[in-house]
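Listed here are the chains, written in short residue letters.
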Amino acid sequence: MEAGDLEPEKVTETALKEVPVEEKTVIKPSGFFARFRYYEELLDKKLGVESHSLDRVHPEDRNPPNPLVMAFMWASATMNLSCFSTGFLGNEFGLSLSQTIPITIFATLLGSAVTGWCATMGPETGLRQVAISRYSFGFYPSSIIAALNVVEQLGWSSVSCITGGLALSAVSDGRVSIAVGVIIVAVVSLLFSFIGLRGVLAYEKYAWIIFFIVFIIIYGEAAHRADLKAPPTVTGMTQSGQVLSLISVVYGSSASWSSIVSDFYVHYPVNTPKIKIFLYTCLGITIPTCIGMLLGCAVSSALATNPEWSDAYDDGIGELLQVIIYPRGFAKFLLVLLVLSGIGVNCIAIYAGALSAQLFAKPFQAVPRTIWTLLVFGCILVIGIAGRDHLLDVLENFLSLLGYWNTSFFVILFIEHYLFRRGNLSNYDLDAWNTPAKLPIGIAGLTAFLCGMAGWVVGMVETYYVGVIAKMIGDDGGDVANELALVFTAVSYVPLRKLELKYVGR
């Protein structure tokens, strides 16, 4: 066949192949998002910024990290000043140290187990956690999960930035304000999360080693001051209520990762043993979280008998640590290192928050991940600066709320996977993750989630609201929102999903 007989498209393609590479003209796309995505593609080729971060990662395209990273990344994210601060809540609730220690360990392990199970779906599917939820919640109702995820990650990062800001302010003897400290921590976190999963894991893989050493040093200087003999200041039903409330807060801090955990596991092989994924994730969260929280429990128990520590605590966590650690110059050095601990949780939160924003709706997917990363970063700055003087209030209310909706989220995914899909990956059309017509309509998932929400409302204990059932447990109420959410969600989802399959068929 002669060149003249070729179709116009083939002539053009053939002619282009004959043009030297240096003479080819690259036409840049028009439009803001199109141009931004063009440059994002270029950065992806050079730095791996994940310009196609939402796409399902097929088995043949995976570049798996070391399996131990499944544990190390959570160690870097949880062994931080935020967990240390959370450890003070037991004392705030009037509980003794001998009560607070087992509650912290048990509740952390329980929340970590929820996250550990959700993690097993990442390598199997190659999908992000919100995308996985579409197979039970439906395409459009899963937008609620995406929105809650964004709020959750904003909250985690804000708390982390506040604690880092407090530490930096203490190190500088007040010359660096807490607000400036918040900005510094947030900006450094942005640098890693902007690159994408590769940048996040590069930091998380090793950072935990530094924080572990720092916490062990602080244990050596502070743990012997812990007051194991001090009795609780609450008794009877009021004490029971405070125990339930503390369980809710601590559980929430670990269960909250369940809605994003698969975002970081999509590159592991499909045949990765589930028990390995579960144990690495569960223990990778439990052990470092307890290291930080139990230190906070020990230090808070000594405040009543140590006026110097108590006065320093009134000025912030950073000032307290400067008093605890000796000599003072060494304390400043360790505080600087602990500021870096906030970066670990921020990297994860900013990265996952940007992905969840993209998964909120199809039009949002047109906005490049890097733009969402910058928007999430901006929101973190605003929240962190505005809430910098109310850290414990933020922790108590925010972490409890996290556990509530994550419990309902876990229950729906768990029942759908084992009861309706028989725990078999072949019962998922994985290529349909972004096609509403091929996914459940979501009536069962949404209704069950709302039923779970009813459980939260009547069972929660927050500064601003105490549910009608929670009020019945002691003077201050007892938080049973997670327990009620589990029951209400499970009881409603099973019959509703059966009806949905019968009458809708998907």
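Treat the numbers as computed from the prediction; the structure is a model and nothing was measured.

## Side note on empty space enclosed by the protein
If you walk through the whole model with that rule in mind, you get two cavities of 30 Å³ or more. When its volume is computed, the largest cavity comes out at roughly 80 Å³. Lining the largest cavity, in full, are Ala77, Thr78, Asn80, Ser82, Cys83, Trp156, Ser253, Ser254, Trp257, Ile285, Thr289 and Val345. Sorting the residues of the lining of the largest cavity by element identifies helix H3 (69-78), helix H4 (81-86), helix H12 (236-255) and helix H13 (274-301) as the ones contributing at least two each. Residue classes in the lining of the largest cavity are distributed as six nonpolar, six polar and no charged. Size it by volume and the second largest cavity reaches roughly 40 Å³. Lining the second largest cavity are Met121, Ile132, Tyr135, Ser136, Leu413, Glu416, His417 and Tyr428. Those elements that provide at least two residues to the lining of the second largest cavity are helix H8 (129-137) and helix H19 (391-420). A breakdown of the residues in the lining of the second largest cavity according to their chemical character gives five nonpolar, two polar and one charged.

## As for unusual backbone geometry
Between tyrosine 326 and proline 327 the backbone carries a cis peptide bond, its omega angle lying at -5 degrees. Considering the arrangement of structural elements, one finds proline 327 in the loop between helix H15 (317-324) and helix H16 (328-358). Its identity is not glycine, yet aspartate 173 carries a phi of approximately 55 degrees, on the positive side. Among the secondary structure elements, aspartate 173 is positioned in the loop between helix H9 (142-171) and helix H10 (178-195). With a relative accessible area of 43%, aspartate 173 lands in the partly exposed category. One non-glycine residue with positive phi stands out, namely arginine 422, at about 55 degrees.

## Here's the deal with the packing of aromatic side chains
Using the criterion set out here, one finds 22 aromatic pairs in the structure. A ring pair is formed by phenylalanine 137 and phenylalanine 449, whose centres lie 5.8 Å apart and whose planes are at 75 degrees; its orientation type is edge-to-face. Placement of the pair is phenylalanine 137 in helix H8 and phenylalanine 449 in helix H20 (residues 443-459), with a sequence separation of 312 residues. No difference in accessibility class separates phenylalanine 137 from phenylalanine 449, as the two residues are buried. Residues phenylalanine 330 and phenylalanine 333 carry aromatic rings whose centres are separated by 6.5 Å and whose planes lie at 25 degrees to one another, so their mutual orientation is stacked. You can see phenylalanine 330 and its partner phenylalanine 333 sitting in helix H16, three residues apart, about one turn around the helix. An aromatic cluster of at least three residues, connected via ring pairs, comprises Phe137, Trp405, Phe409, Phe449 and Trp456.

## Section: the side chain of aspartate 479
With respect to the element layout, aspartate 479 can be found in the loop between H20 and helix H21 (481-503). This buried residue, aspartate 479, is left without a salt bridge; lysine 471 holds the nearest opposite charge, at 14 Å. There is a polar contact of 3.1 Å between the side chain of aspartate 479 and the backbone nitrogen of alanine 481.

## Here we look at the nonpolar core
Membership of the largest hydrophobic core comes to 129 residues, with the highest contact counts inside it found for Phe264, Tyr265 and Leu321. With 16 residues, the top contributor of residues to this core is H16. Once residues lying within four places of it in the same chain are set aside, the contact partners of phenylalanine 264 are Met73, Trp74, Leu197, Val200, Ile348, Tyr351 and Ala352.

## Thoughts on the packing of H10 against H16
The contact between H10 and H16 brings their axes to 8 Å, and the two run at 50 degrees. The angle between H10 and H16 places the two elements in the oblique class. Judged by the sense of rotation from one axis to the other, the crossing of H10 with H16 is right-handed. Counting all contacts with H10, which are made through Val185, Ala186, Val188, Ser189, Leu190, Phe192 and Ser193, the residues of H16 involved are Val339, Gly342, Ile343, Asn346, Cys347, Ile350 and Tyr351. Grouping the constituent residues of the contact of H10 with H16 by class yields ten nonpolar, four polar and no charged.

## What to know about helix H18 (residues 369-386)
In an α-helix, one full turn covers 3.6 residues, which means residues spaced three or four apart are oriented alike. If you check H18, its first and last C-alpha atoms are 26 Å apart, about what 18 residues at 1.5 Å a residue would give, namely 26 Å. All of the buried residues in H18 are Arg369, Thr370, Ile371, Trp372, Thr373, Val376, Phe377, Ile380, Leu381 and Gly384.

## Focus on helix H14 (residues 307-314)
Within H14, burial applies to Trp309, Ala312 and Tyr313. The buried residues of H14 occupy one face: seen down the axis, they fall within an arc of 100 degrees. Within H14, the exposed residues directed more than 90 degrees away from the buried face are Pro307, Asp311 and Asp314. Two residues or fewer after H14 comes glycine 316, characterised by a positive phi angle close to 125 degrees.

## Quick notes on a nonpolar patch on the surface
A cluster of nonpolar side chains, contributed by Leu109, Ile275, Leu279, Leu283 and Ile287, occupies part of the molecular surface with about 450 Å² of accessible area. Examining the composition of the nonpolar patch, we find that four residues originate from one element, H13, more than from any other. In this fold, leucine 283 is placed in helix H13. With relative accessibility at 40%, the residue leucine 283 sits in the partly exposed group.

## Section: the environment of valine 130
One can find valine 130 in helix H8. When residues no more than four places from it in sequence are discounted, the contact partners of valine 130 are Ser142, Ile145, Ala146, Asn149, Ser259, Ser356 and Leu359.

## Brief notes about the confidence of the model for the protein
Taken as a whole, the protein shows an average pLDDT of 85; of its residues, 87% reach a score of 70 or greater. Between residues 1-26, whose pLDDT stays under 50, and residues either more than four places distant or in other chains, the model counts seven contacts.

What counts and what doesn't
- Residues numbered from 1 in each chain as written.
- Predicted model: local features only at pLDDT ≥ 70, side-chain atom pairs only at ≥ 80, totals over all residues.
- Heavy atoms only, no water.
- 1 Å grid on protein atoms, 1.4 Å probe; cavity = no way out; pocket = protein on both sides within 12 Å on 5 of 7 lines; lining within 4 Å.
- Points joined across faces, edges and corners; volume = space filled by probe spheres on them.
- Helix = DSSP H or I, 4+ residues; strand = E, 2+ residues; numbered from the N terminus.
- Nonpolar A, V, L, I, M, F, W, Y, C, P; charged D, E, K, R; others polar.
- Buried < 20%, exposed > 50% of the residue type's maximum accessible area, 1.4 Å probe, protein only.
- Phe/Tyr/Trp six-rings, centres within 6.5 Å; stacked < 30°, edge-to-face > 60°.
- Lys, Arg positive; Asp, Glu negative; His and termini not counted.
- Salt bridge = Lys/Arg side-chain N within 4 Å of Asp/Glu carboxyl O.
- Polar contact = N/O pair within 3.5 Å; in protein donor to acceptor, adjacent residues only side chain to side chain.
- Core = buried A, V, L, I, M, F, W, Y, C linked by side-chain atoms within 4.5 Å.
- Contact = heavy atoms within 4.5 Å.
- Axes fitted to C-alpha atoms, helices over the stretch in contact; angles between N-to-C directions.
- Parallel < 35°, antiparallel > 145°, perpendicular 65-115°, else oblique.
- Left-handed = near helix turned anticlockwise from the far one by under 90°.
- Expected span 1.5 Å × (residues − 1).
- Arc of directions from axis to C-beta.
- Patch = residues over 30% accessible without salt bridge, like charges linked within 9 Å, V, L, I, M, F, W, Y side chains within 5 Å.
- Areas by Shrake-Rupley, 256 points an atom, 1.4 Å probe, with all protein chains shown as cover.
- pLDDT = per-residue confidence, 0-100.

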